[in-house]
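Coordinates in review
Here is what each chain is made of, one letter per residue.
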2 protein chains.
Amino acid sequence: MIEDYRLDPNLAKIRIVLIETSHPGNIGAIARAMKNMGLSQLVLVNPKEFPSSVASARASSACDILDSAKVVNSIDEAIVGAKLVVGASARLRKVSWPQLDVRETAQLALQTVEDGEVALLFGREDSGLSNAEMDKCHYLAHIPSNPTYSSLNISQAVQVFAYECLMATQIETVHSKGYKHKLASADQLEGFYDHLYQALQDIEFLDPSKNARFMRRMRRLFNRTQLDVKEIDILRGILTAAQRKASGEKSE
Amino acid sequence: MIEDYRLDPNLAKIRIVLIETSHPGNIGAIARAMKNMGLSQLVLVNPKEFPSSVASARASSACDILDSAKVVNSIDEAIVGAKLVVGASARLRKVSWPQLDVRETAQLALQTVEDGEVALLFGREDSGLSNAEMDKCHYLAHIPSNPTYSSLNISQAVQVFAYECLMATQIETVHSKGYKHKLASADQLEGFYDHLYQALQDIEFLDPSKNARFMRRMRRLFNRTQLDVKEIDILRGILTAAQRKASGEKSE
């Protein structure tokens, strides 16, 4: 049990972006959920009704979050300056976006805020994010749930994301003391996966037609490892050495 | 990322007990949160208003949870038969009850349901659990939160507990069912490290004179990953492919 929670100031760099939210009660509940978990930046893209007395009532003592909320007209304004944009999506879609669960998202978010801001996008209550909005996302993130009833109320979904962000700050603390190197960023991880994918072909290990499933397995393995930047360097160094040998053989 | 969530039937043995809940909207939101996370047993101790159209509206498609909810007059009836009783408490009180956080609670609950039922108690919206009610609890459990604003809405609190219960089944699943593969044994890991050490020399990445420190780093990386037997096979397959390429070059 962790007895004392000091809020990590980096939580303030995580932006909750709500797109065309219909029910002001949800906006209020989200403000409370955010403040409970130490988040403070709320951005509303074309809310149906805001400000709203219903939102304020549900926000309870988190009206300061509503007061400082930014209301904008487009998703581009909402995500400006964010180094990482993640869209909450209830379903596992058959899409090409890389997908994370909420715990992985929080870990990635907390790594990213070392360098810049993070935006977590939540779509409409009834229809979620549009394809155009998903195009803006670096990852889609879902909350593990009952496969026959997976759609959470939006304020509950934000609660779970915010909770995992706070929990990730606790874990971060453990890591930053134990290891001396910073955890790798999402970009660095993607760079590693690209490199791995290429190297596995160069050494004729991987049949590209089977790559999707195989690379998902590799991601599962290395994502849970929480590689630091030095480890990424080393692993890529190994890949480069293997590629050099492989190309040497080809050139004969 | 885990792709397929099959609900662990043991989730049905976790009972959510709400004590004198004032707002029927909260009861409805809780029913939805429970069903989203695969919980099904709701027990209401003297609810102020139930059944309620407000509760039904907020429950959305989880009205079956409300329909099968048990309404009782006392906490003793609510916890009858439970092997583990945990009371949700926003504050860390200076009390003698053993305290857990919500993640630890979920892990304990999932261990306990192997043998019997678990009851998670949630007190009144304004005043929580009474001392007499806490006396019935084996543990008190809290949700890590902002120390200056720690009181979650009750439906949000149940959401976080239910989410952690589902996540606790996944962790079980990952280890026992989902991956289907057993964690690698110490022997298998040593075999992998030996193979890695040889392959890194074959591709001329590793200078053997520096091996001790480098291999310690590799061990630290892969040990914390908890490789399963299939992953060991795959990684060794990659090493073999790289070695084949390297020896091909040498043999010319």
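For the structure itself, consult the block above.
Since the structure is predicted, the reported quantities are computational estimates derived from the model, not experimental observations.

Within a regular strand, side chains alternate between the sheet's two faces. Residues and elements named next belong to chain A. Among the 5 residues of strand S2 (residues 41-45), 4 are classified as buried, and the element is accordingly described as predominantly covered. Pairing of strand S1 (residues 14-19) with S2, which is carried by 5 bridges, proceeds in the parallel orientation. In the strand pairing of S2, Ile19 is matched with Val45. Each parallel crossover has a hand, and the one from S1 via helix H1 (residues 24-36) to S2 is right-handed.

Right, let's talk about helix H5 (residues 102-112) of chain B for a bit. Residues and elements named next belong to chain B. In terms of burial, H5 is a largely internal element, 8 of the 11 residues being buried. Within the sequence span of H5, burial applies to Val102, Arg103, Thr105, Ala106, Leu108, Ala109, Leu110 and Thr112. Near the N-terminus of H5, the side chain that reaches the backbone nitrogen of Arg103, with its oxygen 3.0 Å away, is that of Asp101.

Residue and element names in this part refer to chain B. Contact pair helix H8 (residues 186-202) / helix H9 (residues 211-225): the axes reach a minimum separation of 11 Å and the direction vectors enclose 135 degrees. With respect to H9, the axis of H8 lies oblique. For the crossing formed where H8 meets H9, the hand is right-handed. Residue-level contacts link Leu189, Glu190, Phe192, Tyr193, Leu196, Tyr197 and Leu200 of H8 to Asn211, Phe214, Met215, Met218, Arg219, Phe222 and Asn223 of H9. When the residues that make up the contact of H8 with H9 are grouped by side-chain class, the tally is 10 nonpolar, 2 polar and 2 charged.

Across the contact, 75 residues belong to chain B and 77 residues belong to chain A. Regarding the contact of chain B and chain A, the summed buried area is about 6,600 Å², with carbon and sulfur atoms giving 58% of it. Across the contact surface, chain B and chain A share 4 salt bridges. Here chain B and chain A share 24 residue pairs in polar contact (both at pLDDT 80 or more) between them. Mapped by element, the contributors of at least two residues to the side of chain B that touches chain A are helix H1 (24-36), helix H2 (53-59), strand S5 (99-101), H5, helix H7 (154-178), H8, H9 and helix H10 (229-250) of chain B. Here the side of chain B that touches chain A gets 13 residues from one element, more than from any other, and that element is H10 of chain B. Here the side of chain B that touches chain A is built from residues that sort into 37 nonpolar, 18 polar and 20 charged.

About the thresholds
Counting restarts for each chain, with residues numbered from 1 along the sequence as it is written. All chains are assigned letters beginning at A, and all ligands numbers beginning at 1, according to the order in which they are written. The predicted nature of this model means local features are confined to residues of pLDDT at least 70 and side-chain atom pairs, given and counted, to a pLDDT of 80 or more, with totals for whole chains, interfaces and linings taken over all residues. Each side-chain value is worked out from all heavy atoms of the structure, with water and hydrogens disregarded. Note on exposure labels: buried denotes an accessible area under 20% of the residue type's maximum, exposed denotes more than 50%, and partly exposed covers the range between, all computed with a 1.4 Å probe on protein chains only. Strands are runs of DSSP state E lasting at least 2 residues, helices are runs of H or I lasting at least 4, and numbering of each runs from the N terminus. At least two DSSP bridges between two strands are required for those strands to pair. Orienting the strands away from the viewer, one traces the path from the first strand over the helix to the second; a clockwise path indicates a right-handed crossover. Two N or O atoms form a polar contact when they lie within 3.5 Å of each other; inside protein one atom must be a possible hydrogen donor and the other a possible acceptor, and for residues adjacent in sequence the pair counts only when both atoms belong to side chains. In this analysis, axes come from line fits to C-alpha atoms, helices being fitted only over the stretch in contact, and the angle between any two N-to-C directions falls in the range 0 to 180 degrees. Reported orientations rely on four angle classes, namely roughly parallel under 35 degrees, roughly antiparallel over 145, roughly perpendicular from 65 to 115, and oblique for the rest. Rotating anticlockwise by less than a right angle from the far helix to the near helix defines a left-handed crossing, while the corresponding clockwise rotation defines a right-handed one. Contacts were defined at the residue level, with two residues in contact if any of their heavy atoms lie within 4.5 Å. In this classification, Asp, Glu, Lys and Arg are treated as charged, Ala, Val, Leu, Ile, Met, Phe, Trp, Tyr, Cys and Pro as nonpolar, and every other residue, Gly included, as polar. Here the quantity called buried area is the accessible surface, traced with a 1.4 Å probe, that two parts lose on coming together, added over both. Only one rule defines a salt bridge in this text: a Lys or Arg side-chain nitrogen within 4 Å of an Asp or Glu carboxyl oxygen.

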